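One-letter residues, chain by chain:
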Amino acid sequence: MGDKMMETFVGFPDGQTSFRNNKKELKRLVATAATTAATLGYDVGIMAAAIQPIEAEFELNSIRKELAMGSLNFIAAAGALWGGVVANKRGRKPTITLACWLFVIGTVSMALAPNYEILLTGRIITGLGVGVAVVVTPVFLTEVAPTEKRGQINTIFDVAINGGILLGYIVGFCVQVFPVPYPYKWRLMLGLGLVLPIVILWYLSLLPESPRWLVMANQPGAAKEVLEHLGQSPQESSKTVEAILDELEKERCSEPVHWFGRGPKLAAGLGFWQQATGTEAVLYYSADFLKQAGLDSPVKRLLGNVFVGLCKLGPELLAMRFVDQLGRRPLMIGSAVSLTLTMSVLGGAFYWSWSPISVVILLCAVMASYSVGVGPFSFLVASENLGLSERASGMTLCATVNRCTSGTVALTTVSLYEALGDAGFFALYAFIAALSICFYLTAVHETSGLSLEELAERARGDNCSVTSRSPSSDVANAESFKLFNDNPGTLEIQIS
């Protein structure tokens, strides 16, 4: 009786124990997770708009400016390490709640900051929230998505980030043109970031936990109810729970999880190369690049930001539509090739002093190239290549490397730009983009069309047999799970 009450409490809100089959519930769950991702994007977009008035008010030098922009990503790396632990121990849903409260506290601190030090403290708190969210959101989306739509649904994570970036650009533009007193413009821009996390905190109370985490937590009955709530029939939900239990048993009899096994190593590589090509510099400092290209008006520069945001979001929506049909690998390789070419041409545009409109178009082309493959599918492919019990920790490694790389790019942009010049800056990142092509050609294998359990079996190489179980008894499933997972959510990790 006590176990059943716990299953009800963890699996469903407000003590509900059953739902009618309704795929609208899946859409609501995905929309909530996507809004969490949009909160990450809003910070990027709004800081790109707010940094110039912040720089003027606090009289920032180039180092302090870089620190204000780039520090968040390094703190996010620490938040990612923390987020992976919480996601495994407490569940995916409580971890999203934690990220939202960190967003709220950090946003209030930044918007009301009387000096640079308080502003930086707010950036640090927000960075912890970003790190937690960047781990748990793709894991959550991967674990609730049906196999045939997993690519589209998981890509929503990056689409939502880009939607948040575009929203930040638009809000920044609107605040700039509306008659708001200049000293309060950047504070209003940042303060409006409270809206998204508050909405998420309210809506999370209506949603269930990840069914795969519930199985890990020895609650297969609750997992079945959640799956049925998300649209599966009773027979399909029993089959899914059995497949998850089989995967966990295979992982139990295989070698212990290594931080640098094939899955985590691939996840780290994907996290690194997604940010190493310099697109974060374009997002954060696009207004500075446009000023250097000859756009003197702040309003025109912010309008240019909006176009860059549109060209980042639009191609990604198109890629999301076809990722399950075309596959992840060809889109990522094509994206890396296109990034190399557009970064090279952008460097040439600065070298030969092309018009500001040409620079805007090329900045848009860079972001479009990124958004058809490397941007939206890196976290998807990383999560797909990780087994259930290593998924949270593997995505923690991916997110930590990703945020450290992103932070390095953001923290060195102004210094590199001053040292290499505009043409040399983009030539450097074109060279790095060319190197990334080799990684995608050699390390990334196709994952579309296979369930998470099939992908885990492929990674293990079929070297562990599993005794089949009858799906008729949830109690039997739970008891067999206890034999190999008395401490759910923990991993045996070896550093090699």
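A.B. asks: Help me understand the pattern of salt bridges in this model?
C.D. replies: Two side chains of opposite charge can pair, provided their charged atoms sit close to one another. In the structure shown here, the tally under the stated rule is eight salt bridges. The partner of R123 in a salt bridge is D43, and the shortest N-O contact between them spans 2.7 Å. Separated by 80 residues along the polypeptide, R123 in helix 5 (residues 116-144) and D43 in helix 2 (residues 23-58) bring together distant segments of the chain. We note that R123, like D43, is buried. As a salt-bridge pair, E57 and R187 come within 3.2 Å of each other at their nearest N and O atoms. Residue E57 is located in helix 2, and its partner R187 is located in helix 7 (residues 182-191); the two are separated by 130 residues in the primary sequence. According to the relative accessible area criterion, E57 is partly exposed, its value standing at 36%. Each of E55, K65 and D288 takes part in a single network of salt bridges with overlapping partners.

A.B. asks: Hey, could you run me through unusual backbone geometry in this one?
C.D. replies: It is generally the case that most residues other than glycine have a negative phi and that most peptide bonds are trans. Phi angles above zero are rare outside glycine, and E59 is one such case at about 50°. Tracing the backbone through its elements, the reader meets E59 in the loop between helix 2 and helix 3 (62-90). Judged by its relative accessible area of 68%, E59 falls in the exposed class. For S353, which is not a glycine, the phi torsion comes out positive at approximately 55°.

A.B. asks: I'm lost on the nonpolar core in this one. Help?
C.D. replies: Nonpolar side chains in soluble globular proteins generally cluster together in the buried interior. Within the largest apolar cluster, 143 residues are counted, with the highest numbers of intra-cluster contacts made by I54, L119, L190, L270, F350 and Y440. With sequence-adjacent residues up to four places away left out, L190 is seen in contact with I46, M47, A50, I54, T107, M110, A111 and L119.

A.B. asks: Help me understand the packing of aromatic side chains, please; the structure alone is not making it clear to me.
C.D. replies: Any two aromatic rings considered together are summarised by their centre-to-centre distance and by the angle between their planes. One pass over the structure, following the stated rule, counts 13 aromatic pairs. With a centroid separation of 5.4 Å and an interplanar angle of 55°, the aromatic rings of W202 and Y203 are classed as tilted. Summarising the aromatic geometry, the rings of F289 and F425 are spaced 5.8 Å apart at their centres and angled 45° between planes, so their arrangement reads as tilted. Residue F289 is found in helix 13 (residues 279-293), and its partner F425 is found in helix 18 (residues 388-443); the two are separated by 136 residues along the sequence. Accessibility classification places F289 together with F425 in one group, the buried group. These aromatic residues form a ring-pair network of at least three members: F289, F350, Y417, F425, F426 and Y429. Residue placement shows R321 over the ring face of F322; its charged tip is 5.4 Å from the ring centre.

Rules and cut-offs
Residues numbered from 1 in each chain as written. Predicted model: local features only at pLDDT ≥ 70, side-chain atom pairs only at ≥ 80, totals over all residues. Heavy atoms only, no water. Salt bridge = Lys/Arg side-chain N within 4 Å of Asp/Glu carboxyl O. Helix = DSSP H or I, 4+ residues; strand = E, 2+ residues; numbered from the N terminus. Buried < 20%, exposed > 50% of the residue type's maximum accessible area, 1.4 Å probe, protein only. Core = buried A, V, L, I, M, F, W, Y, C linked by side-chain atoms within 4.5 Å. Contact = heavy atoms within 4.5 Å. Phe/Tyr/Trp six-rings, centres within 6.5 Å; stacked < 30°, edge-to-face > 60°. Lys NZ or Arg CZ within 6 Å of the ring centre and 35° of its normal.

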